[in-house]
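Single-letter residue listing:
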Amino acid sequence: MNLALKNPGPRPGILDIAAYVPGKEHAPGAVKVHKLSSNETPLGPSPRAIEAFQNAAFNLERYPDGRASALKEAMAEVHGLNPANILCGNGSDELLGLLCHAYIGPGDEGIVTEHGFLVYKIQIIAAGGTAVTVKEKDERVDVDQILAAVTERTRIVFIANPANPTGTYIPVDEMRRLQAGLPADVLLVLDAAYAEYVRRNDYEAGLELVSANRNVVMTRTLSKIYGLAGLRIGWMYAPHAVVDVLDRIRGPFNLNAPALAAGAAAVRDQAFAAAAVEHNLAWLARVGEALTAIGLRVTPSVTNFLLIHFPGREGKTAEAADAFLTGRGFILRAVGAYGFPNALRMTIGAQEANEGVIAALTEFMGLK
């Protein structure tokens, strides 16, 4: 045997994972580019967060606070929580991965929904488990389908609420029914990345469910409404036993000092977050109505993005629309990997971007 030809091999299953592909950023040839592919806020970060980030630059020689104490205190203050039940991570993606590595192993199963965030499946498989995908109903998570898929091997259930890329949500009564129907040793993970945008009386991000149960975890992010996607800040509210488990396996300094400082300042600037909600609500409705009027189906959304469906005939496909928009500097997100080969996801942007997409798609549909 020629040992020189051998290479180190990964654990079985790793090479079966389809790598996550972020939304594109470039529109070659366009005079001006409007990136509406990653659900970033058009308002940017709070001025207070920018100031805190800049001030942190004077102490870069020091390790960050490994307990993220100031950031936890800010979260606890704003949401009325116990800091001991909060864990912070390098984006909520890190926390989702830690949950899988802590609670899933070979032979175990994790349940995801057919249009759910792709990272769930990636992390389940990476931990050695099997991802079980259940059907949704009318582009919404179906609680009955999830409960029917539970077996003695099920260890974790991932739910994005609101969901990405559909923008739909599950009412709190349905979420309670889901939790009540799960075995006590199955962990229910509620990914509430877009919770701050929701304005529905029957929605609850997960704080109450976590407080009342031992097998529910809620993850959140500062990447969306707080405009700190570039700093990668996520947090989790969970029973103390779960926090204790993840604390044992996370990196000791998994958040950098400027991120911790900016995050705490951003969370406390609720007036800035309220302005982002107001901007989004106005444009979410306006863009949705305008695109529906030109013959496109738009999934009703409670988030900062819209899922736009194309007819798929006579050249009016998502692929053709994507090329048409990109050529004019508007970058939307193709969502074929999420089970929507003939749809695009559009982030609600600034006025110029929103109006530009409406005008471009009106032209694309032959109505201008």
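The name an unreviewed UniProt entry assigns to the protein chain is Histidinol-phosphate aminotransferase, from the organism Sinorhizobium alkalisoli. Check the Catalytic activity (unreviewed entry) section of the UniProt entry for the protein chain; it says "L-histidinol phosphate + 2-oxoglutarate = 3-(imidazol-4-yl)-2-oxopropyl phosphate + L-glutamate". Turning to the protein chain, the UniProt record has this under Pathway (unreviewed entry): "Amino-acid biosynthesis; L-histidine biosynthesis; L-histidine from 5-phospho-alpha-D-ribose 1-diphosphate: step 7/9."

Annotation from UniProt places "domain: Aminotransferase class I/classII large" (unreviewed entry) at residues 32-359. Helix makes up 40% of residues 32-359 and strand 18%, whereas the separation of the span's terminal C-alpha atoms amounts to 15 Å.

A separate point is the packing of aromatic side chains. Considering all chains together, one arrives at seven aromatic pairs under this definition. Pairwise contacts between aromatic rings join Phe 117, Tyr 120 and Phe 158 into one cluster. Its guanidinium or amino end placed over the ring of Phe 324, Arg 328 lies 3.5 Å from that ring's centre, counting from NZ or CZ.

Residue position: Asp 108 is located in the loop between helix H3 (91-103) and strand S3 (109-113). The spacing of Asp 108 and Ala 127 is 19 residues in sequence and 9.5 Å in space, taken between C-alpha atoms.

Time to look at the environment of Leu 325. Structurally, Leu 325 can be placed in helix H11 (residues 318-327). Residue classification places Leu 325 among the buried residues on the basis of a relative accessible area of 0%. Here the alpha-carbon distance between Leu 325 and Asp 244, two residues 81 residues apart in the chain, equals 47 Å. Excluding residues that lie within four positions of it along the chain, Leu 325 makes contacts with Phe 330, Leu 332, Leu 344, Val 357, Ala 360 and Leu 361.

This part covers unusual backbone geometry. A cis geometry characterises the amide bond from Asn 161 onward to Pro 162, with omega recorded as 5°. Mapping Pro 162 onto the fold places it in the loop between strand S5 (154-160) and helix H6 (172-181). The linkage connecting Asn 164 with the following residue, Pro 165, adopts the cis geometry, with an omega of 20°. With respect to the helices and strands, the residue Pro 165 is situated in the loop between S5 and H6. Although it is not a glycine, Asn 39 sits at a positive phi angle of roughly 60°. Classification of Asn 39 by relative accessible area gives buried; the value is 1%. Of note, the phi angle at Ala 68 is positive, near 55°, even though the residue is not glycine.

The domain architecture assigned to the protein chain consists of domain 1 (24-44 + 271-365) and domain 2 (47-268). Once you take the C-alpha centre of each, domain 1 and domain 2 turn out to be 26 Å apart. Residue-level contacts link 26 residues of domain 1 with 26 residues of domain 2. Seen at the junction of domain 1 and domain 2, the total is one salt bridge. With a shortest N-O distance of 2.7 Å, Arg 297 and Glu 139 are connected by a salt bridge.

Turning next to the sheet that holds strand S10 (residues 305-309). With antiparallel pairing, four strands are arranged side by side in an open sheet as S9-S10-S13-S12. Each edge of the sheet is formed by a strand with only one pairing partner; in this case those strands are strand S9 (297-299) and strand S12 (333-335). In this sheet, adjacent strand axes meet at a mean angle of 35° when their direction is disregarded. Sheet analysis places S9 next to S10, joined by three bridges and oriented antiparallel. What sits directly across from Arg 297, in S10, is His 309. Contacting S9, S10 and strand S13 (340-347), helix H10 (residues 270-293) crosses the sheet at an angle of about 5° to S10. Across the sheet, H11 lies against S12 and S13, angled at about 35° from S13, the strand it touches most.

Calculation criteria
Residues numbered from 1 in each chain as written. Predicted model: local features only at pLDDT ≥ 70, side-chain atom pairs only at ≥ 80, totals over all residues. Heavy atoms only, no water. UniProt positions renumbered as here; feature names shortened; annotations may be inferred. Helix = DSSP H or I, 4+ residues; strand = E, 2+ residues; numbered from the N terminus. Phe/Tyr/Trp six-rings, centres within 6.5 Å; stacked < 30°, edge-to-face > 60°. Lys NZ or Arg CZ within 6 Å of the ring centre and 35° of its normal. Buried < 20%, exposed > 50% of the residue type's maximum accessible area, 1.4 Å probe, protein only. Contact = heavy atoms within 4.5 Å. Domains from an automatic or database assignment. Salt bridge = Lys/Arg side-chain N within 4 Å of Asp/Glu carboxyl O. Pairing = 2+ DSSP bridges. Axes fitted to C-alpha atoms, helices over the stretch in contact; angles between N-to-C directions.

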